[in-house]
Amino acid sequence: MVHFSQSVSRLSALGLLFAAVSAYEAAKSPTSGCDFAATGFDFIIVGGGTSGLVVANRLTENPDVTVGVLEAGTYRPGDFLILTPGATGPAVLGTESGTGSQLQGNTSYDWMFNTEPQTGLDNAIVRYPSGKVVGGSSAINTMVWMRASASEYDLWGNNFGNGDEWTWDGLLPYFIKTESWTPPPLILPEQERSADLASVHGTTGYINSSYDNWDSDIEIPVVSSANALGIPTTSNPDAGNGTGILYTARVVNPITGERSYAGNAYYEPFASRPNLKLISEATVTKVLFNTDGPEPVATGVEFLWGGESYTANSNLEVILSAGTILTPKLLELSGVGNATILESFGIDVVLDSPYVGENFHDHCVTYSDFQLKNGLQTLDWLTFNTTFATAASEEYASNRTGPLSYTNAVNGPTSIRSFTSDEDYESIMASIDEFINTTETKSGLHAAQIQATKVMAEEGKVAWVQYVVVPQGGIGSVAKANTSYATTVVILTHPLAQGNTHIQSTNITESPSINPHFAENNVDINVLAAGSKFIRQMMEGSGIVEALSLPSNETMTEDDWMAHVRSHMGSTAHYLGTAAMAPQEMGGVVSNSLKVYGLANVRVVDASVFPFMLSVPILQSVYAVAEKASDIIKRDYGF
């Protein structure tokens, strides 16, 4: 996730804290392989991450329902790195940038996937982090807590054939259910106390959401400049209109100052339930099927634990919550997927499901750096001002507040007409028409997505880019000593790029191929170039910029901006869609009850079911979908 919530510069200050913390070792698995295999379960959940733990928690609220959860990663309750906001790092997933995270890029916490060489990026490879712990990516992401516009969720139900249950109105109760929300402070220019804001937030959910308690010297002048350029501050971004400059919520407990994530919210307080068993460091190798009936019936899973192979049995369902990359991998290794791919690896075909692993969507980004005027306090001070760094370390150690608790405070989801000149807008719309006329759609779903994208661009009501301004440098370019910087990020929220992920062998330890097809169409490049031009204008109007750092040219041609985008493009790791929820005839893999078409009792609950990209980080939506899925399962079985 690219929201740069923490900075490279904080690592030295955090070191003062970490020096007092002994090396953290993963906890022992709550259950052994023998004990897990000997237990008969009603439901087996593959993946103890963000979605899987939500479903496990909600199903085991009924003491008569037994659930077994298998997580391939380690169990790390109370882990200082996971809990400390400042340890997350900027997570810059560009082709030439560093990360600075103590979690992402750390093999103890991150699966560290990589894309295939991207032809549109001169064969560069983009990093894809994925949580390798109980709690999944909710344990290592940058904790941004946002909702998209109502019309985007309405597309799920109305345009992609999933019905009213999967519209904004159908999902809002689950956004509310998952959170325990703390109101924001009034910090930004034009920000107001909205009476309606509290009505769309929950106060009794398991995930704590709150707002920053420290701000740098750049947020207010940058927002004032955006306002002057026509981007308004929105005081209620969570009620269905997600555009404008907003003070961003994050999943941090305001009392403890620590990350709130699926592990410590949905699992740890409930681990003693006798009807819930979780096994960590357990790699599921395949779903087992009985193929004697009209539809294959999942009977359980095979898994590896401690170097031994085991079988676990389920009476009702196998639920896949392994994520956008690993859920299609497991389906394919189990014989469910495109028959041509499966047969090429000698896998017996249980079900020919040609769209498994397809419909891969992600937010691509580009970034720029600006040197700031002397005296402006940013996170860079943690590297060159010993007094500031020491005070920050002491404040966090004592109160869990201050710079080391900072997550990115300001985001700007912006509609396409808000940041483009007339000339740029006409060029972008022409490139969309050209894309439509020259693209052979892969499915009915793909065709519907492209049409929806064009309509959103024409109507101008949905965010097309998201601006993030990070009070820190050294991300895209080399920072000068004793100097303050701002790094600006332009996130393309509705790219036309669409990719896939598939197995490369039958070896369970080999990562699948991942190809998002970044920068292979002119629309995405044109939008990012226009967004980059606008954010330079916004920064120059803020009155805080001393010099351009990246790109450093005062004058940029259209070709220059296009080249900049291609050479400084990355990902937010908001990938989704590889087991899309849509009618089967449109190319869907799962139904609106999240059951895999053609299988009697396999369900998918994770971001892979999202049929279309959203204009914001997807964490809150993942929780809401998992909460809704839990109710659907309960309804199906009458408990």
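Below is a summary of the structure that appears in this document. Computed from a prediction, not measured in an experiment: that's the story for all the values here. (Residues numbered from 1 in each chain as written. Predicted model: local features only at pLDDT ≥ 70, side-chain atom pairs only at ≥ 80, totals over all residues. Heavy atoms only, no water.)

1. Describing the packing of aromatic side chains
What counts is decided by this rule: Two aromatic rings from Phe, Tyr or Trp, using only the six-membered ring of Trp, form a pair when their centres are within 6.5 Å; if the ring planes differ by under 30 degrees the pair is stacked, by over 60 it is edge-to-face, and anything between is tilted. Secondary structure follows DSSP: runs of H or I at least 4 residues long count as helices, runs of E at least 2 residues long count as strands, and numbering of each begins at the N terminus. Partly exposed describes any residue whose relative accessible area lies between the buried limit of under 20% and the exposed limit of over 50%, with all areas from a 1.4 Å probe on protein chains only and scaled to the type maximum. Lysine NZ or arginine CZ positioned within 6 Å of the ring centre and within 35 degrees of the ring normal marks a charge as sitting over the ring.
On inspection of all chains with the given rule, the structure shows 26 aromatic pairs. Relative to Phe-303, the ring of Phe-36 has its centre 5.7 Å away and its plane inclined at 85°; by these criteria the two rings are edge-to-face. Here Phe-303 lies in strand β12 (residues 297-305) and Phe-36 lies in helix α2 (residues 33-38), a separation of 267 residues in the sequence. Exposure class is identical for Phe-36 and Phe-303. Each is buried. Centre to centre, the rings of Phe-419 and Tyr-467 are 6.2 Å apart; their planes meet at 90°, and the pair counts as edge-to-face. Placement of the pair is Phe-419 in helix α13 (residues 416-419) and Tyr-467 in strand β18 (residues 463-470), with a sequence separation of 48 residues. A residue is classified by how much of its surface remains accessible, and Phe-419, at 4% relative accessible area, is buried. Take Tyr-467: its relative accessible area is 4%, and that puts it in the buried class. Taken together, the aromatic side chains of Trp-145, Tyr-206, Tyr-266, Phe-270 and Tyr-623 make up a single cluster linked through ring pairs. Seen from the ring of Tyr-109, Arg-76 lies directly overhead, with NZ or CZ sitting 4.6 Å from the centre.

2. Concerning the environment of Gly-346
On the secondary structure map, Gly-346 appears in the loop between α10 (339-344) and β15 (351-352). In this structure, the C-alpha to C-alpha distance between Gly-346 and Gly-300, residues 46 residues apart in sequence, is 22 Å.

3. Here we look at the layout of surface pockets
Any space left empty among the atoms is revealed by the rolling of a water-sized probe across them. Using the following cut-off: In this analysis a 1.4 Å probe is tested at points of a 1 Å grid over the protein atoms alone, and where it fits but cannot get out there is a cavity; an open set with protein on both sides within 12 Å along at least five of seven lines is a pocket; lining residues have an atom within 4 Å of a point. Grid points are joined across faces, edges and corners, and a volume is the space filled by probe spheres set on the points. The classification used treats Ala, Val, Leu, Ile, Met, Phe, Trp, Tyr, Cys and Pro as nonpolar, Asp, Glu, Lys and Arg as charged, and all other residues, Gly among them, as polar.
Estimated volume of the largest pocket: approximately 970 Å³. Of all elements in the fold, only α3 (50-59), β11 (283-290), α9 (323-333) and α18 (619-637) reach the threshold of two or more residues within the lining of the largest pocket. The element contributing the most residues to the lining of the largest pocket is α9, with seven residues. Its residues placed into classes, the lining of the largest pocket shows 25 nonpolar, 18 polar and four charged.

4. Some details on the side chain of Thr-178
Put simply, the rule is: Here a polar contact is taken to be a pair of N or O atoms separated by no more than 3.5 Å, where protein atoms must pair a possible hydrogen donor with a possible acceptor and residues adjacent in sequence count only if both atoms sit in side chains. Contacts were defined at the residue level, with two residues in contact if any of their heavy atoms lie within 4.5 Å.
With respect to the secondary-structure elements, Thr-178 resides in helix α6 (residues 168-178). Side chain to side chain, Thr-178 and Tyr-266 meet in a polar contact 2.8 Å long. Contacts of Thr-178, omitting those with residues within four sequence positions, involve Trp-145, Gly-205, Tyr-206, Ile-207, Tyr-266, Tyr-623 and Glu-627.

5. Looking at α9
Helical periodicity: at 3.6 residues per turn, an α-helix aligns residues three or four positions apart in one direction. Counting buried positions over the eleven residues of α9 gives ten, a clear majority of the element. Every buried residue of α9 is accounted for by Gly-323, Thr-324, Ile-325, Thr-327, Pro-328, Lys-329, Leu-330, Leu-331, Glu-332 and Leu-333. Positive backbone phi, at 95°, marks Gly-335, one or two positions downstream of α9.

6. Remarks on empty space enclosed by the protein
As enumerated under the stated definition, the model contains three cavities of 30 Å³ or more in all. Of the volumes computed, that of the largest cavity is approximately 100 Å³. Lining the largest cavity are 13 residues, and of these Val-222, Val-223, Val-410, Val-469 and Met-538 sit closest to its centre. Looking at the lining of the largest cavity element by element, the count peaks at four residues for helix α7 (residues 219-228). Split into classes, the residues belonging to the lining of the largest cavity amount to ten nonpolar, two polar and one charged. Roughly 60 Å³ of volume is contained in the second largest cavity. Taken together, Trp-145, Met-146, Arg-147, Tyr-211, Pro-237, Asp-238, Gly-242, Leu-246, Tyr-247, Thr-248 and Ala-249 make up the lining of the second largest cavity.

7. Considering the pattern of salt bridges
Operational definition: Each reported salt bridge corresponds to a side-chain nitrogen of Lys or Arg within 4 Å of a carboxyl oxygen of Asp or Glu.
Summed over the entire model, instances satisfying the criterion amount to 17 salt bridges. The shortest N-O distance in the salt bridge between Lys-533 and Asp-424 comes to 3.0 Å. A residue pair is termed long-range when its members are at least 10 positions apart, and Lys-533 in helix α16 (residues 522-540) and Asp-424 in helix α14 (residues 422-438) qualify at 109 residues. Between Lys-533 and Glu-558 there is a salt bridge, with the nearest N and O atoms lying 2.6 Å from each other. Of this pair, Lys-533 sits in helix α16 while Glu-558 sits in helix α17 (residues 558-567); the two residues are 25 residues apart in sequence, bridging distant segments of the chain.

8. Considering the environment of Ser-511
Considering the arrangement of structural elements, one finds Ser-511 in the loop between β20 (500-502) and β21 (513-515). Note on Ser-511: relative accessible area 32%, which makes it partly exposed. For the pair Ser-511 and Thr-501, spaced ten residues apart in sequence, the C-alpha to C-alpha distance is 9.9 Å. Residue contacts for Ser-511: discarding those within four places in its chain leaves Phe-113 and Gln-504.

9. Examining the packing of helix α5 (residues 150-158) against α6
Test applied: Structural elements are reduced to axes, namely lines fitted to C-alpha atoms, with helices fitted over the stretch in contact, and the angle between N-to-C directions of any two is expressed from 0 to 180 degrees.
It is the contact of α5 with α6, at a shortest axis distance of 8 Å, that shows an interaxial angle of 115°. Residue-level inspection shows Ala-150, Tyr-153, Asp-154 and Trp-156 of α5 in contact with α6, the latter providing Trp-168, Leu-171 and Phe-175. Here the contact of α5 with α6 is composed, by residue class, of six nonpolar, no polar and one charged.

10. Focus: unusual backbone geometry
Each neighbour pair has its own omega, and for Leu-550 with Pro-551 the value is -10°, a cis peptide bond. By secondary structure assignment, the location of Pro-551 is in the loop between β22 (545-550) and α17.

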